[in-house]
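Single-letter residue listing:
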Amino acid sequence: MVVHALIRREPAGELHSTTPTWDASTSRVGFVVSKAVGGAVIRHRVTRRLRHLMVDRLAGLPAGTQVVVRALPASAAASSAELGADLDSALRKLLRGSS
RNA sequence: CGAGUCGGACGGGCGACCGCGUUGUCGGAGCGAUCCGAUGCCGAGGAAAGUCCGGACUCCACAGGGCAGGGUGGUUGCUAACGGCAACCCGGGGUGACCCGCGGGACAGUGCCACAGAGAACAGACCGCCCGGUGCCUCGUGCACCGGGUAAGGGUGAAACGGCGGUGUAAGAGACCACCAGCGCCCCGGGUGACCGGGGCGGCUAGGUAAACCCCACCCGGAGCAAGACCAAGAGGACCGGCUGUUGUCAUCGGCUGGUCUGCGCGAGCGUUCGAGGGCUGCCCGCCCGAGCUCGCGGGUAGGUCGCUUGAGCCCGUCGGCAACGGCGGGCCUAGAUGGAUGGUCGCCGACUACAGGAUCCGGCUUAUAGCCGAGUCGCUCG
RNA sequence: GCCCCCGUAGCCCAAUCGGCAGAGGCAGGCCCCUUAAAAGGGUCCAAGUGUCGGUUCGAGUCCGACCGGGGGUA
């Protein structure tokens, strides 16, 4: 999988000229699971697993972080434990690079 | 035991914990919309799929005349409707259970039938066969040429104008005869009907293609829930009609009321009685409206509520019907999301988990599908 | 979700009314031209028409069902 994160470092007003329409202190996560992963049943299963896995990891992120998780075709065959391990390593790498 | 056919109102079950969506109740916060917490009910399919048909629903349209366009195609029924379903008929396949069929019309008309072949659609003499004439010679009733007869045979083709036997003949031919196949008409019997069974007569033979145009019968307005309605952004503006006040009347202006249309800026083109464009959801005539219409570029908004799930609904019983289905009685409430809810862990049974996820809702069709269950059929073997 | 459109050589694309099964261009191989290359000329190769079934004597074309791709729509 590929994980992008926009980690808030400055006050929201200086991030961009666009003022966010959501509460800047809450984190947001989006998932991208394309048709290349599989049919509707497989894509939904991958998204559900990722969603529940991310809920447990939100506490470890800085407030206001925006995350996009893109699932690659191999994630269709992966178990929840494998997806969780991938997520952990990707997030660890991102947090280390930002600090 | 093996092979094959059809059907299934089969498509993992039970339990525990954490988490998610709708919603009821209770408690709390807030003027309120609403939010937070606790707890309870419910929470994807037989195909939810493909989007191939048919409806419900919503908006638009709905003086008249004419012409198109699309669909269906045995019969009788069922149904809200259908291209669906049931039963039956006909044709074809299979030893059989059973399966398959776009299954009306080719004397209403038109078109097409390549190549091959002598000839391909009121058929046709290439080789043959037969008769006559002429010529030649090795005189055989031989050969060549000319004229005619002939559709039995050869060969070509997807298809060559019925099959077989006989009479007949110079050779032949439905020319004639018997039987058979096929066509048309009539009569009798059965069936609601498609059609079936039997008998008689006739002329003696008619090619295929309508998933080619077409003819016949029946059906069909257009778009689609991203339909559409309301609120907000944004607030009005334009037009039409009715009533009414001032006035003698009209015009003008004001008030009330009903309806229709419309988001902004810039540029270009066409047009304003020599009429653009629009409406009568295909086109023409005809009628009506008529001063704007079309295109390109740029930026803006893409929030909320409803539609949204009680429905031609499901289950049980009973009655009618061969059946599809329908009537009556009783019972039940069974997802409603809007970036879009089902995941994780564990125990037992079963066994290694098929195809696969709602998006307005139903009735079908088609396609995908591990495994399981049931009912017929055929063959072999044993008792 | 709903509504449309399209599939022919490696690529782009023709094929009239259904008729010998398929034109052309680019690319590729070989030859000629040139000292050599490019350009040019000649020649060859490459499809069985997305798949399956049906109608027909005969299907790229007509009909049906699937498969794949593209577009539009608040």
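Refer to the preceding data block for the structure.
Let me sum up the structure you'll find in this document. What you see is a predicted model; the values in this text were computed from it and never measured. (Residues numbered from 1 in each chain as written. Chains lettered and ligands numbered in written order. Predicted model: local features only at pLDDT ≥ 70, side-chain atom pairs only at ≥ 80, totals over all residues. Heavy atoms only, no water.)

Considerations on the pattern of salt bridges
Argument step 1. Enumeration over the complete set of coordinates arrives at one salt bridge.
Argument step 2. A salt bridge links Asp88 to Arg57; its shortest N-O distance comes to 2.7 Å. A residue pair is termed long-range when its members are at least 10 positions apart, and Asp88 in helix H3 (residues 80–98) and Arg57 in helix H2 (residues 40–57) qualify at 31 residues.
Argument step 3. Using a relative accessible area of 32% as the deciding quantity, one classes Asp88 as partly exposed. (Salt bridge = Lys/Arg side-chain N within 4 Å of Asp/Glu carboxyl O. Helix = DSSP H or I, 4+ residues; strand = E, 2+ residues; numbered from the N terminus. Buried < 20%, exposed > 50% of the residue type's maximum accessible area, 1.4 Å probe, protein only.)

Things to note about the nonpolar core
Argument step 1. With 16 residues, the main nonpolar core has Val3, Val46, Leu50, Val69 and Leu87 as its most contacted residues.
Argument step 2. Secondary structure elements with two or more residues in this core: H2, strand S3 (66–71) and H3.
Argument step 3. When sequence neighbours within four positions are dropped, the list of residues in contact with Leu50 reads Met1, Phe31, Val69, Ala71, Leu83 and Leu87. (Core = buried A, V, L, I, M, F, W, Y, C linked by side-chain atoms within 4.5 Å. Contact = heavy atoms within 4.5 Å.)

Quick notes on the side chain of Thr47
Argument step 1. Here Thr47 shows up in helix H2.
Argument step 2. By relative accessible area, which is 17% here, Thr47 ends up buried.
Argument step 3. With near-sequence residues (within four places) excluded, Thr47 lies in contact with Phe31 and Val33.

Remarks on the protein's contact with RNA strand B
Argument step 1. If you check the shell around RNA strand B, you find Ala40, Val41, Arg48, Arg49, Arg51, His52 and Ser80 and nothing else.
Argument step 2. Of all RNA strand B atoms lying within 4 Å of any protein atom, the proportion belonging to sugar or phosphate reaches 67%.
Argument step 3. A distance of 3.1 Å separates a phosphate oxygen of RNA strand B from a polar side-chain atom of Arg48.
Argument step 4. Tallied by class, the residues present in the surface near RNA strand B amount to two nonpolar, two polar and three charged. (Near = heavy atom within 4 Å. Polar contact = N/O pair within 3.5 Å; in protein donor to acceptor, adjacent residues only side chain to side chain. Nonpolar A, V, L, I, M, F, W, Y, C, P; charged D, E, K, R; others polar.)

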